[in-house]
Amino acid sequence: VQLQASGGGLVQAGGSLRLSCAASGLTFSSYAMAWFRQAPGKEREFVAVISWSGGSTHYADSVKGRFTISRDNAKNTVYLQMNSLKPEDTAVYYCAANPLETETEYRYDYWGQGTQVTVSS
């Protein structure tokens, strides 16, 4: 199984980025997909999750209303659209796959390598 995250970069506060995570080696449409992030010196934290069908999504309070998770099962890809970015969103962002939709990190079977997002003030 491979999860390849991309789309990170440097952006000014208030700007936008779209992260992508391309999956291979698993039946993508059978897995819930999530994004987590880890800021320097902090533990990894949940950001957003989407059900296998895309019909259900959940967000961390810190990103609700600014970030949108979506998926394209035909392309085996999950996305994270990030708007109104803040310096505190600076982190390495990871995608993860699990059969069940959950916010609990240790339940995730597969992880991508991470992509760096840096938001300047």
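Our subject is the structure listed above.
The structure displayed is predicted, hence computed values, not measured ones.

1. Side note on the sheet that holds strand E3 (residues 17-24)
Okay, step 1: With antiparallel pairing, four strands are arranged side by side in an open sheet as E1-E3-E8-E7. Looking at the sheet topology across the chains shown, the edges are occupied by strand E1 (2-6) and strand E7 (67-72). Ignoring strand direction, the axes of neighbouring strands in this sheet form an average angle of 15°.
Okay, step 2: Looking at chain direction, E3 and strand E8 (residues 77-82) are connected through six bridges and run antiparallel. Note that in E8 the partner of arginine 18 across the bridge is glutamine 81.

2. Structural notes on the side chain of threonine 77
Okay, step 1: Following the sequence through the fold, threonine 77 ends up in strand E8.
Okay, step 2: For threonine 77, a relative accessible area of 9% puts it in the buried group.
Okay, step 3: Looking at threonine 77, its side chain comes within polar contact range of the main-chain oxygen of lysine 75, at 2.8 Å.
Okay, step 4: Setting aside its immediate chain neighbours within four residues, threonine 77 contacts Ser20, Cys21, Ala22, Phe28, Arg71 and Asp72.

3. Brief notes about the side chain of arginine 66
Okay, step 1: Along the chain, the position of arginine 66 falls in the loop between strand E6 (57-59) and E7.
Okay, step 2: The exposure class of arginine 66 is buried, given its relative accessible area of 11%.
Okay, step 3: Here the side chain of arginine 66 touches serine 62 through a polar contact of 2.9 Å, landing on its backbone oxygen.
Okay, step 4: Setting aside its immediate chain neighbours within four residues, arginine 66 contacts Gln81, Met82, Asn83, Ser84, Leu85, Lys86 and Asp89.

4. Notes on the pattern of salt bridges
Okay, step 1: The final tally for this structure, using the stated rule, is five salt bridges.
Okay, step 2: One salt bridge connects aspartate 61 with lysine 64, and the closest N-O pair in it is separated by 3.1 Å.
Okay, step 3: Overlapping salt bridges bring together Arg37, Glu45, Arg66 and Asp89 as one network.

5. Here we look at the packing of aromatic side chains
In this description, an aromatic ring pair is defined by two values, namely the gap between the centres and the angle between the planes.
Okay, step 1: What the rule picks out here adds up to five aromatic pairs.
Okay, step 2: For the ring pair tyrosine 31 and tyrosine 110, a centre distance of 6.1 Å and an interplane angle of 55° mean the geometry is tilted. One end of the pair, tyrosine 31, is in the loop between E3 and strand E4 (32-38); the other, tyrosine 110, is in strand E10 (residues 110-111), with 79 residues separating them in the sequence.
Okay, step 3: Residue tyrosine 31 is classed as buried on the basis of its relative accessible area of 15%.
Okay, step 4: In this structure tyrosine 110 comes out as partly exposed when scored by relative accessible area, which is 29%.
Okay, step 5: Both rings, one in phenylalanine 36 and one in phenylalanine 46, keep their centres 5.8 Å apart while their planes meet at 75°; by these two values the pair is edge-to-face.

6. So, the pairing of E4
Okay, step 1: With respect to burial, E4 is a largely interior element, six of its seven residues being buried.
Okay, step 2: Pairing of E4 with strand E9 (residues 91-98) involves seven bridges; the strand directions are antiparallel. Across the sheet, the residue bridging to arginine 37 is tyrosine 93, located in E9.
Okay, step 3: Counted along the chain from E4 to the antiparallel partner strand E5 (residues 45-50), the turn is six residues long, and its residue glycine 41 has a positive phi close to 75°.

How each quantity is defined
- Residues numbered from 1 in each chain as written.
- Predicted model: local features only at pLDDT ≥ 70, side-chain atom pairs only at ≥ 80, totals over all residues.
- Heavy atoms only, no water.
- Pairing = 2+ DSSP bridges.
- Helix = DSSP H or I, 4+ residues; strand = E, 2+ residues; numbered from the N terminus.
- Axes fitted to C-alpha atoms, helices over the stretch in contact; angles between N-to-C directions.
- Buried < 20%, exposed > 50% of the residue type's maximum accessible area, 1.4 Å probe, protein only.
- Polar contact = N/O pair within 3.5 Å; in protein donor to acceptor, adjacent residues only side chain to side chain.
- Contact = heavy atoms within 4.5 Å.
- Salt bridge = Lys/Arg side-chain N within 4 Å of Asp/Glu carboxyl O.
- Phe/Tyr/Trp six-rings, centres within 6.5 Å; stacked < 30°, edge-to-face > 60°.

Nothing here speaks to function; it is geometry throughout.
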